[in-house]
Amino acid sequence: MAVAPNPTTPLDGARWSASCESSGRDGDEARAGLEFAASDGRIGGSAKEQLLEELVYGEWDEADEEEDEDWEPGSTLELRVRWFCVNCTMPNVEESTHCKLCSEHRYSGILNQGHLAPAFTQAGTDELAKDVKALKRLSVRRTAIGYDDRMLLHAEFQMKSNPHPERPDRLRSILAGFTAAGLYPGGCILIPAREITRVELETVHTHEHVEVVEATSSLESSYFTSDTYANGHSALAARLAAGVCADLASAILSGQVDNGFALVRPPGHHAEGATVMGFCLHNNACIAAKASQAAGAKKVLIVDWDVHHGNGTQEIFEHDPSVLYISLHRHEGGLFYPGSGAAHEVGSGPGEGFSINIPWPCSGIGDNDYIVAFQHIVLPIAKQFAPDITIVSAGFDAARGDPLGGCQVTPAGFAQMTQLLSTVSGGKLLVVLEGGYNLRSISASATAVLRVLCGEAPESLDDEELLPSEAGWATVLEVYAVQSRYWSALCLPAFMKFTSQHINGHLKGEPSFSFFISLFYSEFLLLPVCFCLSFFLSSIFCSSCAHPALLFGQSLFYLLPKLDDLLPWKSLPV
């Protein structure tokens, strides 16, 4: 999930929030929907302005420039923005029937049928979409769902220039997808929601934090930050969300259920011990971790695949070696919200080595990048840690089509990650909803995850086809260089095999030297040696092989420093 960028940093992919902060969300109604598209390269600056004119003032034409000569300051322009897309909140002109950005029909049935609703036709014109296979499926696992309608009461009191992305429709669309797929209510066990107690909240948050959130109950509308809102029901919704997560964790640890999905809001992973931020009031994943420990878990793994770094979760457990936090997120050198989560952030004190950050350097990261990171970083470390339960901070804003994330993960990718994590901690897995703001994307992705929890195996991926992007590969190398100091499971032979496969796969690709720039981000002193080695290898290969030569040079650059540490490993007492 996302909030307004730090005012000291440039605007990032969460452009919606930036426009809110700069204008109080009282400015151009179409501005928000355009900013994020410009941020990931789909709409350039001039094209963005052209699209803005089309949306707000009508179709743009160069002939309009001549007519502008007759315009006078006292003239009044008639705004034509009339409806907002239910799927992505993009503003659209009255005459259009489909969203200009995501092509969703103006009267889409996504809130009733989830991702199975037709995207391009009006609700009611087609037969109800059904997943016949799912309707006939009997779950082979005892999977629990935690949900309560009262969490829908948390909503922005008054819509400003456009709908807030963290809106009640997020839960409605996911629940509709579960129902249409035959997974809910019949395929899963429904855990009744309860309000978390203050004593439980204060195992994670300060007393003052809890008091500040509770104080909103007496207010019709309030804001913690420019985009983190509350109304009179928000504190109740936050207590219910935290209570659901705590009870699901306890039920999984006790063996009452095998796994669970916490369909909750407001989200939580940005909330720090004493700070409300990023749409998040209470940190649900951390509360679930504490509940797990109270139920007997000695070690807890939290995997966060939300597109934004879970700064709150990392801060709360930064000194705690009993909780291993692994986050995969868009980072861009600290320019993407919230700016934290660099690879060198590993925890501190007793918790050093128990924070693992996989920071993607750009937008467009997809399935292969995530799966490769899971196979070569996440799973080896997770299995060495040997947790008693795994909690997933499952933000679906890394999904393809999300207006804030700008990444390309598909429902199949999320299903694969869920399947991989189910091999850890004896299958004791709790998935907690975090971000995700394209309703069709989050409905499809959440449903794919729930299918796996219920025992349906996702399609297998051929290891030879799992070639990450250059940016993804560079990130995995960087994290390996940092974390292999702490985790012996990051063995050199396996990583060399992975590196060899990656180089061989790129032999068929086009030459590229952009990846070589990442050499300059290393902290080791072998840069001059490998720099020369790379250019030497490049000079003896033909131009079509220059790219693999550079890759080989960088591989040596990252791997050679590890040779001194191989015996003995600097292992952690886990």
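Shown above is the structure to which this text applies.
Computed from a predicted model, the values in this text were never measured in an experiment.

Conventions we followed
Residues numbered from 1 in each chain as written. Predicted model: local features only at pLDDT ≥ 70, side-chain atom pairs only at ≥ 80, totals over all residues. Heavy atoms only, no water. Helix = DSSP H or I, 4+ residues; strand = E, 2+ residues; numbered from the N terminus. Buried < 20%, exposed > 50% of the residue type's maximum accessible area, 1.4 Å probe, protein only. Polar contact = N/O pair within 3.5 Å; in protein donor to acceptor, adjacent residues only side chain to side chain. Axes fitted to C-alpha atoms, helices over the stretch in contact; angles between N-to-C directions. Parallel < 35°, antiparallel > 145°, perpendicular 65-115°, else oblique. Left-handed = near helix turned anticlockwise from the far one by under 90°. Contact = heavy atoms within 4.5 Å. Nonpolar A, V, L, I, M, F, W, Y, C, P; charged D, E, K, R; others polar. Pairing = 2+ DSSP bridges. Core = buried A, V, L, I, M, F, W, Y, C linked by side-chain atoms within 4.5 Å. Phe/Tyr/Trp six-rings, centres within 6.5 Å; stacked < 30°, edge-to-face > 60°. Lys NZ or Arg CZ within 6 Å of the ring centre and 35° of its normal. Expected span 1.5 Å × (residues − 1). Salt bridge = Lys/Arg side-chain N within 4 Å of Asp/Glu carboxyl O.

1. Structural notes on the environment of His207
- Here His207 lies in helix α9 (residues 207–215).
- A relative accessible area of 41% means that His207 is categorised as partly exposed.
- With 66 residues separating them along the chain, His207 and Gly273 place their C-alpha atoms 9.5 Å apart.
- Here the side chain of His207 touches Glu202 through a polar contact of 2.9 Å, side chain to side chain.

2. Details of the packing of helix α7 (residues 169–180) against helix α15 (residues 439–453)
- One can describe the packing of α7 onto α15 by two numbers: an axis separation of 8 Å at closest approach and a directional angle of 45°. Overall, the two elements α7 and α15 adopt an arrangement that is oblique. Two packed elements cross with a definite hand, and for α7 against α15 that hand is right-handed. Across from Asp169, Arg170, Ser173, Ile174, Gly177 and Phe178 in α7, the residues of α15 making contact are Leu439, Ile442, Ser443, Ala446, Thr447 and Leu450.
- Classifying every residue of the contact of α7 with α15 gives 6 nonpolar, 4 polar and 2 charged.

3. What about the sheet that holds strand β12 (residues 429–433)?
- Pairing is parallel across the open sheet formed by 8 strands, whose spatial order is β4-β3-β7-β12-β11-β8-β9-β10. The sheet is open, and its two edges are formed by β4 (189–191) and β10 (355–360), each paired on a single side. Ignoring strand direction, the axes of neighbouring strands in this sheet form an average angle of 15°.
- Bridging between strand β3 (residues 143–146) and strand β7 (residues 259–262) involves 4 bridges; their strand directions are parallel. Considered in β7, the bridge of Thr143 is made with Asn259.
- Across the sheet, α15 touches β3, β7 and β12, and the angle it forms with β7 is around 160°.

4. So, the nonpolar core
- Counting 111 residues, the largest nonpolar core has Phe261, Trp305 and Phe396 as its most contacted members.
- Counting residues per element, this core draws most heavily on helix α10 (residues 234–254), at 13 residues.

5. Here's the deal with the packing of aromatic side chains
- Overall, the coordinates contain 8 aromatic pairs when judged by the stated rule.
- A network of ring pairs unites the aromatic residues Trp305, Phe396 and Phe414 as a single cluster.
- In this arrangement the basic side chain of Lys299 is found over the ring face of Phe385, its NZ or CZ atom lying 5.3 Å from the centre.

6. Concerning the environment of Leu430
- On the secondary structure map, Leu430 appears in strand β12.
- A relative accessible area of 0% places Leu430 in the buried class.
- Separated by 128 residues in the primary sequence, Leu430 and Ile302 have C-alpha atoms spaced 9.5 Å apart.
- Look past the residues within four positions of Leu430 in its chain and what remains in contact with it is Cys245, Leu248, Ala249, Ile252, Gly260, Phe261, Ala262, Ala288, Thr390, Ile391 and Val392.

7. Side note on unusual backbone geometry
- With an omega of 0°, the peptide bond running from Arg265 to Pro266 counts as cis.
- Its location among the elements puts Pro266 in the loop between β7 and α11 (284–294).
- If you check the backbone angles, Phe279 has positive phi at about 70° while not being a glycine.
- Judged by its relative accessible area of 3%, Phe279 is buried.

8. With respect to α10
- When the terminal C-alpha atoms of α10 are compared, their 30 Å separation across 21 residues agrees well with the 30 Å that a helix rising 1.5 Å per residue should span.
- With 18 of 21 residues buried, α10 lies mostly within the body of the structure.
- With its phi angle positive at about 90°, Gly255 sits one or two positions after the end of α10.

9. With respect to the pairing of β10
- With respect to burial, β10 is a largely interior element, 6 of its 6 residues being buried.
- Residues Ser355, Asn357 and Pro359 of β10 are buried on one face, and the alternating residues Ile356, Ile358 and Trp360, pointing to the opposite face, are buried as well.
- Where strand β9 (residues 323–330) meets β10, 6 bridges bridge the pair, whose relative direction is parallel. Across the sheet, the residue bridging to Ile326 is Ile356, located in β10.

10. A closer look at the pattern of salt bridges
- Counted according to the given criterion, the structure contains 14 salt bridges.
- As a salt-bridge pair, Glu195 and Arg239 come within 2.9 Å of each other at their nearest N and O atoms. Note that Glu195 is positioned in the loop between β4 and α8 (198–201) and Arg239 in helix α10, a separation of 44 residues in sequence.
- Looking at Arg239, the relative accessible area reads 15%, which means it is buried.
- Arg198 serves as the salt-bridge partner of Glu211, at 2.3 Å between the closest nitrogen and oxygen. Here Glu211 is found in helix α9, whereas its partner Arg198 is found in helix α8, with 13 residues between them in sequence.
- Exposure remark for Arg198: the relative accessible area of 39% places this residue in the partly exposed category.
- Each of the salt bridges in this network shares a partner with another, and the network as a whole consists of Glu166, Arg170 and Arg265.

11. Focus: the side chain of His331
- For His331, the location among the structural elements is in the loop between β9 and β10.
- Within polar-contact distance, the side chain of His331 engages the backbone oxygen of Gly339 at 3.4 Å.
- Ignoring any residue separated from it by four or fewer positions in sequence, one finds His331 in contact with Phe336, Gly339, Ser340, Gly341, Ala342, Pro359 and Trp360.

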